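# Topology and contacts: notes
One letter stands for each residue in the lines below.
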Amino acid sequence: LVQNTRLALGEITKYIASQWHKPKVSITGSNGKTTTKFILAKILEQKSEVLCPIASFNNEIGVPLTMFQANDEQWAGVFEIGTNHPGEIAYLANLIQSDVVILTSVSQTHIGNFKDLTAIAHEKFDIFNNLKTGGTAVYHYDLVHKDILEAKLNKQADIKQVTFGFNEHADIWADEIVLGPDRTLFNLNYRTGEKITKAAIQLHLLGKHQVLNALAASAAALALGLTIDDIKEGLSKVRPVNKRMQAIRMTKEAVIIDDSYNASPASVAAALRYLAECMGLKILVLGDLGELGDTAATEHTKIGQLAKELGVDVVFALGNFSKYVSEAFYSDNYAFEGRKYQEGFADKQELSNTVIRCLKDVCQEEIPVTILIKGSNFMKMWEVTDKLVAEWQVERS
């Protein structure tokens, strides 16, 4: 019998973590933490069984539920640490006391609950508060406010710092990236002193941003003593996380990219850049992004402008704020003047039916078409995906 069940849950978690003498890795970031977690677990499984949550268990309930699954057969644990209010990461990091910590990114996710981007950065940096002595801090080479983080880490005793990114000055970096329709190829480079190790990687995930997630996971795996061969083998076995850049091939020419689990301005931009690399007709189906506070209208407008700049052909937008995406995308576009697309949609059924009609017309022409479906979790944009798959009557290849 306790006064506060959530605090008691945390105390039990902290005790179990202190008694479970296995390497622990904690991962946070505005984008990419869930995928990075699954990638890292797949790499670590090359050695033996790993403790890893089956879903996005990243809050004051989910992290304890993960820790409660620990057993002696597992050789390491991977934990996802999330936040949507100040102080949450510091609290959760204190429960785990990690050997390796990964910070994937800092962007304007949940900015409605924080003062500004700097406040979000400081919240993310709290993940390093309880990094064990001799532990490893892994973070993006081009991280927002990296100077503040480095100053923080330099004050901590005996902490190794490893950076990752596309910059060859990072400790682990990628080059010669090839974005394919069902996989991504790249060279992974890792520097130890004056020596550079290189490996050709085949990753069954879509988008350049997934390469960053793979690099972050690889850096953590190296810190735990795995080899480049272990990493290469693990990465080759990674498959898309459900509703995260998940390709659904509808015909020889048409594919749906279901990225509907969640969305932030940064993750939408990354997905759009992947869409821009695709051949043929490029279609964006977007639901509202949440927790943007006073910046919501501006951020949605920026998405519409970016879609236009990147050469997206058609935008279907759903929700109160996504209308700003449509307005920005279709402004000065006389081909769509006066059409419903420009106003956006308030009803998911109407949106889905319109997309299906569009696809039926397009696919008769036998040209390549890629449909990206994305939105914040509360918008449940996967319902649009399900309807398209169920009602778009085509011969599945």
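Residues numbered from 1 in each chain as written. Predicted model: local features only at pLDDT ≥ 70, side-chain atom pairs only at ≥ 80, totals over all residues. Heavy atoms only, no water.

## Overview of the sheet that holds strand β5 (residues 136–140)
- With mixed pairing, the nine strands of this open sheet are ordered in space as β2-β3-β1-β4-β5-β6-β7-β8-β9. On the outer flanks of this sheet lie β2 (50–51) and β9 (195–203), each paired with one strand and no other.
- Direction of pairing for β5 relative to strand β6 (residues 160–165): parallel, over a ladder of five bridges. When the bridges of β6 are listed, valine 138 appears paired with valine 162.
- Contacting β4 (100–103), β5 and β6, helix α6 (residues 146–154) runs over the sheet at an angle of about 175 degrees to β5. (Pairing = 2+ DSSP bridges. Helix = DSSP H or I, 4+ residues; strand = E, 2+ residues; numbered from the N terminus. Contact = heavy atoms within 4.5 Å. Axes fitted to C-alpha atoms, helices over the stretch in contact; angles between N-to-C directions.)

## Quick look at the sheet that holds strand β14 (residues 369–374)
- Pairing is mixed across the open sheet formed by five strands, whose spatial order is β10-β11-β14-β12-β13. Of all the strands in the sheet, just β10 (246–249) and β13 (314–318) have a single pairing partner and so form its edges. Across this sheet, the average inter-strand angle for adjacent strands is 15 degrees, counted without regard to direction.
- Of the pairings in the sheet, the one linking strand β12 (residues 281–287) to β14 comprises six bridges and is parallel in character. Its bridge partner being in β14, isoleucine 283 is matched across the sheet by isoleucine 371.
- On top of the sheet, helix α11 (residues 322–330) reaches β12 and β13; it is set at about 160 degrees to β13, its chief contact.

## Digging into the pattern of salt bridges
- Under the definition given, this model contains ten salt bridges.
- Note that glutamate 45 and lysine 42 form a salt bridge whose closest N and O atoms lie 3.7 Å from each other.
- Here lysine 237 and glutamate 233 are joined by a salt bridge, their closest N and O atoms 3.5 Å apart. (Salt bridge = Lys/Arg side-chain N within 4 Å of Asp/Glu carboxyl O.)

## Some points on the nonpolar core
- Within the largest apolar cluster, 52 residues are counted, with the highest numbers of intra-cluster contacts made by Leu272, Ile283, Val285, Val315, Phe316, Leu351 and Ile371.
- Not counting residues within four places of it along the chain, the set of residues in contact with leucine 272 comprises Leu284, Ile303, Leu306, Ala307, Leu310, Val312 and Leu372.
- By size, the runner-up hydrophobic cluster in this structure holds 40 residues, among which are Val50, Ile201, Leu205 and Ile231. (Core = buried A, V, L, I, M, F, W, Y, C linked by side-chain atoms within 4.5 Å. Buried < 20%, exposed > 50% of the residue type's maximum accessible area, 1.4 Å probe, protein only.)

## A look at the pairing of β4
- Alternating positions in β4 separate into two faces, Val100 and Ile102 on one and Val101 and Leu103 on the other, with burial throughout.
- Of the pairings in the sheet, the one linking β4 to β5 comprises four bridges and is parallel in character. Within β5, the residue paired with valine 100 across the bridge is threonine 136.

## Describing the environment of alanine 254
- Looking at where alanine 254 falls in the secondary structure, it is placed in strand β11 (residues 254–259).
- Assessed through its relative accessible area of 0%, alanine 254 is described here as buried.

## Points about the packing of helix α7 (residues 208–223) against helix α8 (residues 228–236)
- Axis separation between α7 and α8 bottoms out at 10 Å; the angle between their running directions is 140 degrees. Taken together, the axes of α7 and α8 are oblique relative to one another. For the pair α7 and α8, the crossing hand works out as right-handed. In this structure, α7 uses Ala214, Ser218, Ala221 and Leu222 to contact α8, whose residues at the interface are Ile228, Ile231 and Leu235.
- Among the residues making up the contact of α7 with α8, the classes are represented as six nonpolar, one polar and no charged. (Parallel < 35°, antiparallel > 145°, perpendicular 65-115°, else oblique. Left-handed = near helix turned anticlockwise from the far one by under 90°. Nonpolar A, V, L, I, M, F, W, Y, C, P; charged D, E, K, R; others polar.)

## A few points about the packing of helix α2 (residues 33–44) against α7
- Running from N to C, α2 and α7 cross one another at 45 degrees; their axes reach a closest spacing of 9 Å. By the angle between their axes, α2 is oblique relative to α7. Here the hand of the crossing between α2 and α7 comes out right-handed. Between α2, through Thr35, Thr36, Ile39, Leu40, Ile43 and Leu44, and α7, the contact on the second element is made entirely by Gln210, Asn213, Ala214, Ala216, Ala217, Ser218, Ala220 and Ala221.
- Of the residues belonging to the contact of α2 with α7, the class tally is nine nonpolar, five polar and no charged.

## Details of empty space enclosed by the protein
- Applying the stated criterion to the full structure yields one cavity of 30 Å³ or more.
- A volume near 30 Å³ is recorded for the largest cavity.
- Residue lining of the largest cavity: Ser26, Ala93, Gln97, Ser98, Val101, Ile127, Asn130 and Leu131, and that is the complete set.
- Across the lining of the largest cavity, the residue classes break down as four nonpolar, four polar and no charged. (1 Å grid on protein atoms, 1.4 Å probe; cavity = no way out; pocket = protein on both sides within 12 Å on 5 of 7 lines; lining within 4 Å. Points joined across faces, edges and corners; volume = space filled by probe spheres on them.)

## Things to note about the packing of aromatic side chains
- With the rule as written, the count across this model stands at three aromatic pairs.
- A ring pair is formed by phenylalanine 316 and phenylalanine 345, whose centres lie 6.4 Å apart and whose planes are at 45 degrees; its orientation type is tilted. Taken as a pair, phenylalanine 316 in strand β13 and phenylalanine 345 in the loop between α12 (340–343) and α13 (348–363) lie far apart in primary sequence, 29 residues in all.
- We note lysine 146 situated over the ring of tyrosine 141; from NZ or CZ to the ring centre the distance is 3.8 Å.
- Positioned over the ring face of phenylalanine 166 is lysine 208, at 4.8 Å from the centre of the ring. (Phe/Tyr/Trp six-rings, centres within 6.5 Å; stacked < 30°, edge-to-face > 60°. Lys NZ or Arg CZ within 6 Å of the ring centre and 35° of its normal.)

## Points about the pairing of strand β8 (residues 184–192)
- In this structure, strand β7 (residues 172–179) lies alongside β8, joined through six bridges in antiparallel fashion. For tryptophan 173, the partnering residue across the bridge sits in β8 and is asparagine 189.
- Between the antiparallel neighbours β7 and β8 lie four residues.
- In terms of strand pairing, β8 meets β9 through nine bridges, oriented antiparallel.

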